[in-house]
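Single-letter residue listing:
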Amino acid sequence: MSSKIIYLIFGLLLLSLRLIFNYSFELIPGINGGYYPLQLRSLLETGQLGFSDMPLYFYLTASFVKMTSFFTAIDIGHLIIHTSKIIDSISLPLLVIPLYLIVKNIFKDKLPRYFEIILVGFATLSFSPLILTSDLQKNAFAIPLMLFFIYYLLAFFKSKSKKHIFLSVIFIMLTGLTHFGVFSVSVLILLISLIVFYRKKALLPIFGISVLGILWVYIFDPGRAESLLNLWPVIFEKPAILQQGPLSPQDLFNYIMSYLLIGFGVFKIIKRKQKFNFYRKNILIIFLTSILILSFPLLDIQYARRFSLLLFIPQIFVLCILFRFFNQKLRKIICSLLVLMTMGSIFLMTVNMKPPSITQQAFQDLKNLEKHISDPGKTLIIARHGLEWWTAWQIHTKVGQDKSLTEKTNLKYDKILILVQLDGINQMHPRQKSPFHEPYFPTNREPIYVSNYFKAFEFKNEDLGKMKANNERFRVTI
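(A) Quick peek at helix α2 (residues 35-46). Helix length check: α2 (12 residues) gives 16 Å between terminal C-alpha atoms against 16 Å at 1.5 Å per residue, within 8%. Counting buried residues along α2, nine of its 12 residues qualify, which places the element largely inside the surrounding structure. Among all positions in α2, only Y35, Y36, P37, L38, Q39, L40, R41, S42 and L43 are buried. In the core, the buried residues of α2 are packed alongside α3 (56-69), α4 (76-91), α8 (137-159) and α19 (387-395). A positive backbone phi angle near 85 degrees is found at G47, which sits one or two residues after α2.

(B) Quick look at helix α10 (residues 180-198). Between its first and last C-alpha, α10 extends 26 Å over 19 residues, near the 27 Å set by a 1.5 Å rise per residue. Across the 19 residues that make up α10, a large majority, 14, are buried. Directly beyond the C-terminal end of α10, a positive phi value near 50 degrees is found at R199.

(C) Summary view of the state of the cysteines. Across all of its chains, the model carries zero disulfides by this definition. The structure places no disulfide on C320, whose sulfur is separated from the nearest cysteine sulfur, that of C335, by 12 Å.

(D) Representation of the side chain of S89 in the model. As for its position among the elements, S89 is in helix α4. A polar side-chain atom of S89 sits 2.7 Å from the main-chain carbonyl oxygen of K85. Each residue touching S89, except ones within four places of it in the same chain, is listed here: L15, R18, L19 and N22.

Cut-offs used in this document
- All residue numbers here refer to positions counted from 1 along the written sequence of the relevant chain.
- pLDDT decides what is reported in this predicted model: residues at 70 or higher carry local features, side-chain atom pairs at 80 or more are listed and counted, and totals for whole chains, interfaces and linings draw on all residues regardless.
- No hydrogens and no water enter the side-chain calculation; it runs on all heavy atoms of the structure.
- Strands here mean DSSP runs of E at least two residues long; helices mean DSSP runs of H or I at least four residues long; both are numbered from the N terminus.
- A helix is expected to span 1.5 Å for every residue after the first.
- Relative accessibility decides the category of a residue: with a 1.4 Å probe and only protein chains considered, values under 20% of the type maximum give buried, values over 50% give exposed, and everything between is partly exposed.
- Whether two residues are in contact is decided by their heavy atoms: any pair within 4.5 Å suffices.
- Two cysteine sulfurs form what is called a disulfide whenever their separation falls within 2.5 Å.
- Here a polar contact is taken to be a pair of N or O atoms separated by no more than 3.5 Å, where protein atoms must pair a possible hydrogen donor with a possible acceptor and residues adjacent in sequence count only if both atoms sit in side chains.

Next up, the structure:
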């Protein structure tokens, strides 16, 4: 069996699993499942996104919706949801293309066939590729772009070809147009690469790239660009390793694998018994440093969780370089860990498939709230995170969370409603309490709408203090 067939088979397996995950429910699974169709509908109806974000994925998906609408009579809402599911299912499996190019053209080592199969299986069917489904569509779409950027960047360091540097710039820009987090990690890899290959000469380019990267994000999403500038005070605020509770299987694997690779890689570099050429040694240092930063245990838990989803990429590249130096015992340990993680991920993700944030019955019930709203365009509904997207989808109002309310919010809207869910909440976090709370609501005031699933109250300025106190209480305890 040729290597291309191996990559193709695993790409198709990942595609099949992602289709199963997406089509096991009528709605799009995940806390942010409703975010994508909401943005697409806004783009199709108004020509702009409803919420500031990196736009490439939405424009591409909206184009497919628009083209398909000419050939089908399917309701546009259903067409948006189906198109989102299909493109999400297809996008991440495309990573096998740049992965194949990197393994074959950059590393060029003849990996044992059994290890290549294990490695490609890990790259496609381990926890990260499977969890990056449904409500993480932009993340998934950006990863193949990131891998193409890495491929052309490494090819440039090898050949100094203008073509390769041009293509690497194109792909990192496309990555930036798609997802802020994946773009940030891509820029991190670029900056580390410049330091490793050019030392002091890299200082000026690093400054320029950093400024350009922030400006690139600021054009499309000023809030996220500002968060980069204010990163240092919060990035170590709540260290992941100090949080209560046992580590998840994914986190435990990532720490074991990451520090095993870092330890072995540093040992081989320092010992110098097995000679690395300049190019290969530098690549090893780049990805070992990337692993160290992405898996640093004192990172704030929110950043640690996001970075952990991308750790499999530098782990794969380090494994490709170091595998020939492993003795038989270490090869068995590494291969066993990779197989165990891959098989365990498939089992856990299929047994505990990520559901939508609300049940189909609760989703249908949301429509009944519409008759209590006279002007949806001038109405704001405050709801739990995950519920707000489907609320806006059903009722066409503006939505937000309790933490976004200020004294000036009342001036922007004719009516503000507090929506509390009573039933029909899907369990998003098996065996653990959801970090997303219901907003404060006034118990001494009659609701404007009550059903088996929801209560809706009209917000008044006097509620703001209690709502902030309620939000702060949950923020502290979570």
